[in-house]
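Chain by chain, the residues:
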Amino acid sequence: MAEQARDGRAAAATANAAAAAAPGARLLDLVEVMDRLRTGCPWDARQTHESLAPYLLEETYEAIEALDSGDAAALREELGDVLLQVVFHARVAAERDDGTGYTIDDVADEIISKLTRRHPHVFGDVSVSGAEEVKSNWDAIKAAEREAATGAPVSALDGVPLAQPALSLATALQRRADRAGAPAELADLSGAASEIAAELFALVARARAAGLDPEGELRSAARAYSGRVRSWERSGRG
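Since this is a predicted model, take the numbers as computed values, not measurements.

S.K.: Before we go on, may I ask you to explain the packing of aromatic side chains in this structure?
M.R.: Geometry of an aromatic ring pair is reported as the spacing of the ring centres plus the angle between the planes. The tally for this structure, following the rule as stated, stands at 1 aromatic pair. One cation-aromatic arrangement involves Arg 118 over Trp 138; the distance from NZ or CZ to the ring centre is 4.9 Å.

Okay, here's the thing in structure tokens:
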């Protein structure tokens, strides 16, 4: 009997260890930590979606900065901060009792469903020739979903957030338009915008045509400029 009890405890310990080592196990711990913070910390308890919004943006930029730096450990840390924002917003939403609430599981379910629907070549019987056809199928499925939801004609530009920084906005709009087959001359804004604005928009098109990310290129130039200014400061500003 004692031997059977020991075997049972050993099996349970093994099962617990396997569960803890399973991919995603620590995400459950994060949800628990967030629950405790929300109920036990005065600062965390008073946050709202609106008050958290600046942190979501800030943490995303910090993650991009870590990515640009090539520091793998820093990127891991910053991705954790971005993940915290997702869990935090879901925790805030879970408290609503007006029918608009949702949980972190609802958030996960939403993205799982979306990824499954839009990857029929993985989760269905559709065949694709390569990455370009995957993107084309994604856009077509997304457009069909939006039209079914709204009943209105869709645009290739639907869903592009206009509040994002202007350089990334211009890049996103041009990318979407190109994938929809829009004529290249539509990107020539001469006479439709100020001279500088038209030149900036044209530069975005030139960068994309060269296979470059305009946002990344400008950030790289900004870092180089920052380095020069700091060097000038250290040298006595002479």
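S.K.: I tried to follow the nonpolar core on my own but got confused; where do I start?
M.R.: Generally speaking, soluble globular proteins have nonpolar side chains that are buried together. Of all hydrophobic cores here, the largest spans 5 residues; its members are Met 34, Leu 52, Val 87, Phe 88 and Val 92. The element that contributes the greatest number of residues to this core is helix α5 (residues 72-94), accounting for 3 residues. Not counting chain neighbours up to four residues away, the residues in contact with Val 87 comprise Leu 30, Val 31, Met 34 and Ile 104.

S.K.: I would appreciate a short explanation of α5 in the present structure.
M.R.: Helix length check: α5 (23 residues) gives 33 Å between terminal C-alpha atoms against 33 Å at 1.5 Å per residue, within 8%. Taken residue by residue, α5 has Glu 78, Gln 85, Val 87, Phe 88, His 89, Ala 90, Arg 91, Val 92 and Ala 93 as its buried positions. Residues of α5 that are buried make contact with α2 (25-40), α3 (42-45), α4 (49-69) and α6 (104-117). Structurally, the start of α5 carries an N-cap: the backbone nitrogen of Ala 73 is 3.1 Å from a side-chain oxygen of Asp 71.

S.K.: So what exactly am I meant to see when it comes to the layout of surface pockets here?
M.R.: Here the idea is plain: a probe the size of a water molecule rolls over the atoms and shows the empty space left. Within this model, the largest pocket holds a volume of roughly 390 Å³. Taken together, 16 residues line the largest pocket, and the ones lying closest to its centre are Tyr 61, Ile 64, Asp 213, Glu 215 and Arg 219. Elements supplying a minimum of two residues to the lining of the largest pocket: α4, α9 (166-179) and α11 (214-234). Taken together, the residues of the lining of the largest pocket break down into 5 nonpolar, 4 polar and 7 charged.

S.K.: When you look at the packing of α2 against α5 in this model, what are you seeing that I'm missing?
M.R.: When two helices pack together, their arrangement is given by the angle between the helix axes and the distance between those axes. Between α2 and α5, the least distance of the axes is 10 Å, while the angle of their chain directions is 55°. Considering the angle they form, α2 stands oblique to α5. Crossing geometry of α2 relative to α5 is assigned as right-handed. Listed contacts from α5 to Leu 27, Leu 30, Val 31, Met 34, Asp 35, Arg 38 and Thr 39 of α2 are Leu 83, Leu 84, Val 87, Phe 88, Arg 91 and Val 92. Of the residues in the contact of α2 with α5, the class split is 9 nonpolar, 1 polar and 3 charged.

S.K.: Just to check I follow, could you spell out the pattern of salt bridges for this structure?
M.R.: For side chains of opposite charge, pairing can occur when their charged atoms come near one another. Inspection of the entire model under this criterion finds 11 salt bridges. With a closest N to O distance of 2.7 Å, Arg 219 and Asp 68 form a salt bridge. Taken together, the residues span a long stretch of sequence, with Arg 219 in helix α11 and Asp 68 in helix α4 at a distance of 151 residues. Two residues, Asp 178 and Arg 208, come together in a salt bridge whose shortest N-O distance is 2.7 Å. Within this pair, whereas Asp 178 is found in helix α9, its partner Arg 208 is found in helix α10 (residues 195-209), the two being separated by 30 residues in sequence. A relative accessible area of 23% places Arg 208 in the partly exposed class.

Calculation criteria
- Residues numbered from 1 in each chain as written.
- Predicted model: local features only at pLDDT ≥ 70, side-chain atom pairs only at ≥ 80, totals over all residues.
- Heavy atoms only, no water.
- Phe/Tyr/Trp six-rings, centres within 6.5 Å; stacked < 30°, edge-to-face > 60°.
- Lys NZ or Arg CZ within 6 Å of the ring centre and 35° of its normal.
- Core = buried A, V, L, I, M, F, W, Y, C linked by side-chain atoms within 4.5 Å.
- Buried < 20%, exposed > 50% of the residue type's maximum accessible area, 1.4 Å probe, protein only.
- Helix = DSSP H or I, 4+ residues; strand = E, 2+ residues; numbered from the N terminus.
- Contact = heavy atoms within 4.5 Å.
- Expected span 1.5 Å × (residues − 1).
- Polar contact = N/O pair within 3.5 Å; in protein donor to acceptor, adjacent residues only side chain to side chain.
- 1 Å grid on protein atoms, 1.4 Å probe; cavity = no way out; pocket = protein on both sides within 12 Å on 5 of 7 lines; lining within 4 Å.
- Points joined across faces, edges and corners; volume = space filled by probe spheres on them.
- Nonpolar A, V, L, I, M, F, W, Y, C, P; charged D, E, K, R; others polar.
- Axes fitted to C-alpha atoms, helices over the stretch in contact; angles between N-to-C directions.
- Parallel < 35°, antiparallel > 145°, perpendicular 65-115°, else oblique.
- Left-handed = near helix turned anticlockwise from the far one by under 90°.
- Salt bridge = Lys/Arg side-chain N within 4 Å of Asp/Glu carboxyl O.

So far we have only geometry, and geometry alone does not tell us how the molecule works.
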